[in-house]
Structure formats: structure tokens, C-alpha cells
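Fold and geometry: a report
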Amino acid sequence: MTIKQKKQLNFWQIWNMSFGFLGIQFGFALQNANVSRIFETLGAKIEDIPILWIAAPVTGLIIQPIIGHMSDNTWGKLGRRRPYFLFGAIFASLALLIMPNSPTLWIAAGMLWIMDASINISMEPFRAFVGDMLPSKQRTTGFAMQSFFIGTGAVVASSLPYILTNWFGFETVSENGNIPQSVKWSFYIGAIIFILSILWTVFRTKEYTPEELAEFNEITSSDVEKGANSKKLIYNKIGFASIGIGLVLTLLITYLNYERELFILSLGLLLFGITEIIAGQLSKNDKKSGFIEIITDFNSMPKTMIQLAFVQFFSWFALFAMWIYTTSGVTSHIYEMKADSELINQLENALIQQDITKSSKEVFEIKSDLESYKNELEKKSEVTLSMKIVNYYLNNNETLDEKSISKIKEIDKQYNLGANWVGVCFSIYNGAAAVFAFLLMFMAKITNRKITHSISLLVGGISLASIYLINDPKFLLIPFIGIGLAWASILAMPYAILTGSLPANKMGTYMGIFNFFIVIPQILAASLLGFFIKQIFNSQAIYALILGGISMFIAAILVVFVNDNN
């Protein structure tokens, strides 16, 4: 049978089909640059921030393969992938409007869950969209164009609080520890841009029909099914092995009384093992279902996909460390958020004079934190105050002297200045990614995709770890340019390599499964980073960025061993 070739699309056609990623990354950039700030403003401890983020990757882990499978089997007036673009955009835009108005920490965490789920619904089919629409030789260009829009959207989104504060006079510090107006309006603008950019792609792009895609298919689903049939016996092996490891870890965490976040890892392994065993039992009846197909496809991943999974794991562990801890790490490492023993004693005396019956649990936690600071001050002259302490005394300063109140307000100001500058740094790495997206296409032509990706990750890892050596905020821009090169490559090269090994009728499912290796390191980071920061690094968030740099360096080495079928 003769296989038809997909027609090459011109520049503007690729532009239109990728334009929706402008809005998607607008949402992600606002989330990544500001959600930790919102959590801290609402009273979260630094070591608790990863667990609050856990909803986002868990949601992606569940939703993306389901949406991928559904979009593989959808066809309607809007096509195959575009209904999911639109549905996700509507709900993500609503979540962006609500998130900065969260009155409590638990509501903010819940909105992060909803927002991330909605963004995932829009984003997952976009990856498969490139595989659907472009011939193999143009896929690097297609994913690079997505990188361009991701970078461009994120530049503006990450900088919005800074722009609104310094150019338009919006407040960067709100009274009573509320979310600043500059952050709120950034989210409102993001909601509008998200929905409009998705609408542009939905109405300016036409998809191939299922029949046309079948004619183009270089790899058939039977190729995957052969592998799946030979691996049916491994459901139970994978399941029981996962359950065994999960049980051992759960017992160790319980016995050693480690941080509760570590249960996410052990219980996740237990749940995965149970899922495999259930799928194995159901498959014995030879009944077709989306659940069995997704698990079967997971167990029969192409070799290239397995190799890329390890690269993705270490790449995204590094990114998640950066997104969670850059604000805390930079503000505490570079900005003046320090307190000496005199201020700590004043805060403790003020606490004693307050009516502790009005909020006994909160006061107990504040007292515990102050005791920890006093212990640290036995070894050094200053400690970095958490925003939980700062916000408490901003709202309960009636027993504080004027000097202490002034110092607390100055620390709050320094934190918000630093948080705004982190937003600028995030915009720099995204802006660099937009520019480097076109450089990557050239690098891939003169070398290959593997070498291009390895070099990019190496530069990114060195850049991320080097933040520790910087004391002047202005010089932070330099490593974030290097991170931008890695970011551009992470968004393009693995997907360009992967699509050549996947059947067209399972493109969405496998892109969703591939997301596991983005989400799993995020869950692991949420489980371990808080533990490391508190137990090993004495609550110094800057060390999480060094760990991230090491992780990205490992990913750079692993790329060399990946098979690129194109």
C-alpha cells in the first residue's frame, strides 16, 4: 500500500496552528511566577509550598492521557483536537479570574488544581496537533514555533506584575497581607489573552479527517498492539513490584517519622501497582475500554519513548525546583529579609502580650517558628524571616514598637520587590526561549536534534546552579538567558524526536502518557524538595536551585543515548 505524504504547511499556517500556545503559556507563566507568592502571602511556610503545588501535577497525570485518548477518538464540527482547546480555555480563563481573589490558603490551592486541570485539557491535544498536521521534516519547526509562542506569552505574563507596578502605578504591597493589585490585574489580563489566542487557532486552522490521517500513517496501531500483546503478562509483575516498593517506603517513612509529603511518593506507587493489577485482570476478558488501552499502551511504549522518559524526568525535576523555589531562594539569598536577635526578641515579647485565645493554633505556629529562629541565631548573627511571620505581624502589630513595625514593613517591601524581579527574570528566560526557538532549528540542521538538546540542557543546568553565586539582582538576568535556551529545547526537541516513533491514531494517547514523565518528577520534587530544604539545607531555598542544576546536567548526558528515528 502506498503511503500518502502530508503536504508541507507554509509559515503562516504553522503560525496559526501554534498561536493558541500564546495563551496557554500565559496561564502557566502567571501560575509559575506568582502562585508561590500567593501561597506565601496567604500564610504558607516555605517547606509547605511543594505540597500545595502537588494538585497541579497530579491533575496532569490523570487528565492528559484521558484527554489524549478521547481526542484520538473524537471527530465533530470543530474537528479532533480543537474542541479540547476551547473547552479547556474557557475553564482556565475563569480560574485565572478567581485565583488571585482567594481569601484563604486552601481555596488558593483548590483554584490551582482547577486552573492546572483546565490548562492541561487545552495543552495536551496541542502536542498531538503537530504530529497530526505536519510531515516529519517540519515537526521540529512546528514544535519550535510552539516554543516561540510559549516564550513570547510568558515574557509578558511573567513581567506583568512588575510592569503594572512600575509603569502604571499599581500597588505592589497591599494592606493586611492581601494579594497586591498588580498580581490580581495580571491574572485578569491573562484570562482575556488565554481565551482569545485559543479562539484564533480554533477558527483559523482546519484539521485532517480521520480517513486522511489513516492514509498518511507511517506507523500503524498494529505495530504497537503486537508489542502490547507480548507484554500482557507483565501487568501483574509491574503491579506487584510497584506495590512492594510502595509498602516498604510507606513503612520506612512511618517508622522514621519523616515528613508527610513523602507519603505522596509511596502511596503513588501503591496506587499505580493496584491500577496495573486491575488492568491485567480486566484484559483477561479481552474487553476493550479506554482504561485498558491507556495502561496497555503505557506498558508497550516504543523504545525511543522510554529513553526520552529518563531525559524528561531529570529535565522537569529541575524546572519544578526552579518554579517553586526561585522566589523564596532569590528573595532570601539576595534581598534584605534578615532579622537579628533584637528583632526576634521584640517579636516574641509582642506575641506574649497578645490575646492568644483569638487564634491559638496560628500563635502556636508563630511561637514555634520564633523558637527555631532563636536556635539559628546561636550559630549566626541573622536569620531570614518567612512571609508567614511577616504577614502575621503586619496584621497583629498593636504590641510592637515603631522600630520593629518599620523593619517588618521593610522586609515585606523587600520580598515583594524581589518577587517582582523574579517575575522579570522568568520573562527573560521565556523571552530568550522565544529567540532561541529559531536558533534551535538551525542547530538541529547542522548537527542533529540529540546534540542540540544535550548542549541546551548542559547550558541550562550550569545556569540554574550558578544563581547561588550571585549577590546582585541585576546579574540574575545572565543565568536566566541560559535557562531560556534549555527551556526552548525542552519544549521542542523531545516531542520532535518522539512523534516519529508513534502511530497517528494513538498520537494523543502517547502524548498524554509522555506527560507522565513531566508529572512524575514534579510529584517527586513536591515529595522530596520540602524535606530536603527543611531537614538538610536548614530552610535555605537557594539550595533547591543547585539540585535543579545537577538534575538538568544529568538529563543532558542521557540525551546522548536516545534513538532518533528521523
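So, here's what we can say about the structure. Treat the numbers as computed from the prediction; the structure is a model and nothing was measured.

The subject of this paragraph is the overall build of the chain. Counting secondary structure elements, the chain contains 23 helices and two strands. The buried share among the 566 residues of the chain stands at 59%. Across the chain, every contact between residues at least 6 apart in sequence was considered, and the portion connecting residues at least 24 apart equals 82%. Split by element, the accessible area of the chain, about 23300 Å² in all, is 65% carbon and sulfur.

Our next topic: the packing of helix 7 (residues 136-166) against helix 18 (residues 402-446). For the pair helix 7 and helix 18, the least separation of the axes is 7 Å and the interaxial angle reads 160°. Classified by the angle their axes make, helix 7 and helix 18 are roughly antiparallel. You can see that helix 7 and helix 18 cross each other, and the crossing is left-handed. Within the contact of helix 7 with helix 18, the residues separate by chemical class into 15 nonpolar, 13 polar and no charged.

Here we come to helix 14 (residues 303-334). End to end, helix 14 covers 45 Å across 32 residues, agreeing with the expected 46 Å (1.5 Å per residue, within 8%). The largest bend in helix 14 comes to about 55°, at Y325. Within helix 14, 26 of the 32 residues are buried, leaving the element largely enclosed by the surrounding structure.

What follows deals with the nonpolar core. Ranked by internal contacts, the top residues of the largest apolar core, which has 128 residues, are I24, M99, M115, W323, I467 and W487. Among the elements that make up this core, the one with the highest residue count is helix 14 (16 residues). The contacts of M115, once residues within four sequence positions are left out, are Q31, V35, A95, L96, M99 and F187. By size, the runner-up hydrophobic cluster in this structure holds 26 residues, among which are L347, L377, V383 and L385.

So, about helix 6 (residues 105-133). Here helix 6 spans 42 Å end to end across 29 residues, near enough to the 42 Å set by a 1.5 Å rise per residue. At N120, helix 6 is bent by approximately 25°, the largest bend along its length. Of all the 29 residues making up helix 6, 23 are buried; the element is thus mostly covered by neighbouring parts of the structure.

This part takes up a nonpolar patch on the surface. Together, F87, I90, F91, L94, L97 and I98 make up an exposed nonpolar region whose accessible area comes to about 530 Å². Note that L97 resides in helix 5 (residues 82-98).

In this section: the pattern of salt bridges. Applying the stated criterion across every chain, the model contains eleven salt bridges. In this structure, the salt-bridge partner of D72 is R80, at a minimum N-O distance of 3.7 Å. Assigned by exposure class, D72 and R80 land together as buried. Put simply, R449 and D564 hold a salt bridge, and the shortest N to O gap is 3.0 Å. With R449 in helix 19 (residues 449-466) and D564 in the segment after helix 23 (542-559), this residue pair connects regions lying 115 residues apart in the sequence. Overall, R449 belongs to the buried group, its relative accessible area being 8%.

Interaxial distance between helix 6 and helix 21 (residues 507-514) falls to 9 Å at its minimum, and their mutual angle equals 130°. One element, helix 6, and the other, helix 21, form an angle in the oblique class. Relative to helix 21, helix 6 is oriented so that their crossing is right-handed. For the pair helix 6 and helix 21, contact is made by E124, R127, A128, G131 and D132 and by M507, G508, M511 and G512, respectively. The class makeup of the residues in the contact of helix 6 with helix 21 is three nonpolar, three polar and three charged.

All right, on to the side chain of S182 then. Among the structural elements, S182 can be located in helix 8 (residues 181-204). Classification of S182 as buried rests on a relative accessible area of 0%. Polar side-chain contacts of S182 include one of 3.5 Å to the side chain of T165.

Rules used throughout
Residues numbered from 1 in each chain as written. Predicted model: local features only at pLDDT ≥ 70, side-chain atom pairs only at ≥ 80, totals over all residues. Heavy atoms only, no water. Helix = DSSP H or I, 4+ residues; strand = E, 2+ residues; numbered from the N terminus. Buried < 20%, exposed > 50% of the residue type's maximum accessible area, 1.4 Å probe, protein only. Contact = heavy atoms within 4.5 Å. Areas by Shrake-Rupley, 256 points an atom, 1.4 Å probe, with all protein chains shown as cover. Axes fitted to C-alpha atoms, helices over the stretch in contact; angles between N-to-C directions. Parallel < 35°, antiparallel > 145°, perpendicular 65-115°, else oblique. Left-handed = near helix turned anticlockwise from the far one by under 90°. Nonpolar A, V, L, I, M, F, W, Y, C, P; charged D, E, K, R; others polar. Expected span 1.5 Å × (residues − 1). Bend = angle between axes of the 7 residues up to and from the residue. Core = buried A, V, L, I, M, F, W, Y, C linked by side-chain atoms within 4.5 Å. Patch = residues over 30% accessible without salt bridge, like charges linked within 9 Å, V, L, I, M, F, W, Y side chains within 5 Å. Salt bridge = Lys/Arg side-chain N within 4 Å of Asp/Glu carboxyl O. Polar contact = N/O pair within 3.5 Å; in protein donor to acceptor, adjacent residues only side chain to side chain.

Note that all results are geometric; they support no functional claim without further evidence.
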